[in-house]
Structures are given as C-alpha cells and as structure tokens.
Amino acid sequence: FYGNLVVLRMSETWKDHTIYALYGHLDTITVLAGQEVAEGNLLGTIGGTGAAYAPHLHCEIRVDDPRSYWAVRNPVLWYKPLPEHGVMAGRVLDRHGHFIPGHPVTLNCRDGMKRQLDTYWDQGTPPDDVMFENFAISDLPSGHCNLETSIDGHILQDSVEIVDGQISFLVLQIPDK
C-alpha cells in the first residue's frame with residue numbers, strides 16, 4: 001500500500017511505549033535496514049509508489065507495533081512546528097460527548113489565511129492517549145485563531161491562542177438542550 005517505505009524505531013520512548021515513524025510512497029530509499037540515522041539524514045526521495053495518486057511523502061507515527069494500522073497516531077502531534085508557529089488539537093462532539101466524524105472545521109488565524117480541516121473520519125486514526133482529540137492541525141502562526149463549525153443547525157464558535165512550539169487544545173460541543 002505504501003510502496004517504498006522506511007520505518008524508523010525512535011530512540012526515545014513515550015510513556016513506556018516504543019514509537020515508530022513511517023515514511024511511505026518514496027521513489028528511492030537511501031538508508032539500509034538496521035542503519036542508525038540522525039536528524040537531517042536523507043532517508044529517501046519523495047515519490048508516488050504504492051497506492052498514491054501523485055508524488056508526496058506519507059508520514060505516520062505508530063505506537064508499539066510498526067505493522068499495525070490501528071497503532072497509528074496523527075503525526076502533526078509529534079513533529080516540531082515551524083518557528084513562530086504552533087499546533088492545535090481538539091474535539092468536535094455531539095451533545096452526548098461523542099466524536100463527530102468527518103466534520104469540517106474552519107479556522108481563521110492572525111495571518112488572515114482561512115483554513116479548513118475535517119475531524120478524523122473514523123477511529124482508523126486513533127486519538128492520542130492523553131489528548132483524546134479528533135482533529136489536529138500544525139504550523140499555525142502564533143497568536144489568536146478563531147474556530148467555527150455548524151452542526152445540526154448549531155453554530156459553534158470559539159477561539160484559542162496558538163503558542164510558539166506548543167500544542168493548544170479546544171473542544172467544540174453541541175450544547176445540551
């Protein structure tokens with residue numbers, strides 16, 4: 001499915017779990033199995049191998065089992081954002097506190113750029129064990145961001161402060177009647 005891929009076993013653990021980074025759809029691979037790599041080493045080149053519509057780099061984080069899709073976590077929660085940028089994660093919930101899958105959320109941040117993302121479509125991307133999120137987005141400019149979504153006639157809005165190099169968190173939930 002991922003074509004040419006490289007799976008790295010990270011040297012640090014997280015909460016006593018082994019962490020793996022998977023890079024897929026590579027055109028070429030420039031490392032060997034078992035080779036130790038460091039930050040900045042070239043692992044391969046972007047490609048379109050496997051089930052890819054166009055050349056791109058597919059990145060996943062997997063917890064404990066590098067072979068299990070159910071061990072996947074959203075990689076934007078794991079890599080360092082650009083300078084003067086941060087990450088936002090959160091939940092979009094129905095009135096009973098259940099995740100709403102595949103739901104659009106609009107963000108307007110201080111740079112004036114309108115962004116839209118969807119909540120996770122299913123639990124194929126399980127939430128983080130601590131945050132229990134159903135959406136995440138990276139490389140947001142530090143400063144104020146407004147979020148909005150419309151669910152069953154309810155317009156949900158809130159704002160969050162994006163902090164340089166950190167993860168900010170927000171919950172949007174349909175109010176109880």
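Residues numbered from 1 in each chain as written. Predicted model: local features only at pLDDT ≥ 70, side-chain atom pairs only at ≥ 80, totals over all residues. Heavy atoms only, no water.

(A) Highlighting the sheet that holds strand 13 (residues 167-173). Pairing is mixed in the open sheet, where three strands are placed in the order 10-7-13. Where the open sheet ends on each side, the last strands, each with one partner, are strand 10 (135-141) and strand 13. If you compare each strand with its neighbour and ignore which way they point, the axes differ by 25° on average. Here strand 7 (residues 85-93) runs beside strand 13; their pairing, made up of seven bridges, is parallel. When the sheet's bridge partners are listed, Arg 91 is paired in strand 13 with Val 171. (Pairing = 2+ DSSP bridges. Helix = DSSP H or I, 4+ residues; strand = E, 2+ residues; numbered from the N terminus. Axes fitted to C-alpha atoms, helices over the stretch in contact; angles between N-to-C directions.)

(B) A look at the pairing of strand 5 (residues 58-63). The sheet contact formed by strand 2 (residues 19-26) and strand 5 spans six bridges and is antiparallel. Residue pairing across strands places Leu 22 opposite Glu 60, the latter belonging to strand 5. Where strand 5 lies against strand 6 (residues 72-73), two bridges are found, and the strand directions are antiparallel. The residue bridging Ile 61 from the neighbouring strand is Arg 73, located in strand 6.

(C) Local environment of the environment of Leu 156. By secondary structure assignment, the location of Leu 156 is in strand 12 (residues 154-162). Look past the residues within four positions of Leu 156 in its chain and what remains in contact with it is Leu 147, Glu 148, Thr 149, Ile 151, Leu 172, Gln 173, Ile 174 and Pro 175. (Contact = heavy atoms within 4.5 Å.)

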